[in-house]
Each structure stands twice: as structure tokens, then as C-alpha cells.
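Per-entry structural report
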Amino acid sequence: MIAKLNKIHKKVFDTFVYQTDKTVHGRIEYWSIPEHVTKRGILKGDCEEFALACRYLCRQEGIVSQLAICEDECGEMHCVLHVNGLILDNRQPQVRTVDELTKIGYNWIAISGNEPGEQWHAVLPVK
């Protein structure tokens, strides 16, 4: 599965251009599923669009995934894609583990269900 995740991450990472929701959508916060993710072209958006694009491709491959919200090492809110302890993140050049990102300062806050519309759950702090 790691090979598939690396391929998905690379496909999205290589076409991703970070732009704020305000720039792309005219709103401070706006989540959208990039419909052109399977086509050639540039993906513009912020961390949510990156995570949603990766999730879309994971679903195409039959890989169950969850969106995760964290505070990054600078204390800013950030969204990534979680797959069995592995993280697809627009700020990382390759797939990382939860442990690797925790060690550099990511603080996990909440995680989505596996399917659209499922409830989000708080992540208990590691002691």
C-alpha cells in the first residue's frame, strides 16, 4: 500500500500550487473537492484541497482514508490525509508517518470518519 500512497502523493504534490481560499474562492475558508485531479494540470488551493485530492485518488484505488486536523509546528491549523498511520501532507515532499510528524511538532486534534458525512472525532493527546 505504501507504493500506491507514494504514487498518489507525488501525483498531487507535483501539480499543487498553494493558494489561500480567499485567493481561489473569495472566502476565508472553503473546502472543495478538486474535480480535475485525475487530469493533467495545476491544482490550486490550500491544505484541504490537497488532502481532498489525495482522498479522491485513494478512493479510486479502494484505499480507506480519513481527513485529519492538526496544529503544525508553528501552531497553525492544518489539514492532512491519514491512511493507517501514514500521512499525505502538502508540506511534506513524501508520505510520512504520524510519529515522524508528531516529533517535528504536529499536534493532532480531530479525525474524520471514513465516508463523507460521518462524524469527526477528537484525537486524545499522547501522554
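Presented here is an overview of the structure given in this document.

In total, this model carries 2 aromatic pairs according to the counting rule given. Note on Phe 16 and Phe 50: the rings are 5.2 Å apart at their centroids and 75° apart in plane angle, and the pair reads as edge-to-face. Here Phe 16, found in strand E1 (residues 16-18), pairs with Phe 50, found in helix H3 (residues 47-60); they are 34 residues apart in sequence, far enough to count as distant. Each member of the pair, Phe 16 together with Phe 50, is buried. Taking 5.8 Å as the distance between ring centres and 55° as the angle between the ring planes, the aromatic pair formed by Tyr 106 and Trp 108 counts as tilted.

Another point: the nonpolar core. With 22 residues, the main nonpolar core has Leu 5, Leu 81 and Leu 88 as its most contacted residues. In terms of residues, this core owes the most to one element, H3, which gives 8 residues. Cys 70, Tyr 106, Trp 108 and Ile 111 belong to the second-largest nonpolar core, a separate cluster that totals 8 residues.

All right, on to unusual backbone geometry then. If you check the backbone angles, Asn 84 has positive phi at about 50° while not being a glycine. Considering the arrangement of structural elements, one finds Asn 84 in the loop between strand E4 (77-83) and strand E5 (86-88). In this structure Asn 84 comes out as exposed when scored by relative accessible area, which is 62%.

Parameters at a glance
- Residues numbered from 1 in each chain as written.
- Predicted model: local features only at pLDDT ≥ 70, side-chain atom pairs only at ≥ 80, totals over all residues.
- Heavy atoms only, no water.
- Phe/Tyr/Trp six-rings, centres within 6.5 Å; stacked < 30°, edge-to-face > 60°.
- Helix = DSSP H or I, 4+ residues; strand = E, 2+ residues; numbered from the N terminus.
- Buried < 20%, exposed > 50% of the residue type's maximum accessible area, 1.4 Å probe, protein only.
- Core = buried A, V, L, I, M, F, W, Y, C linked by side-chain atoms within 4.5 Å.

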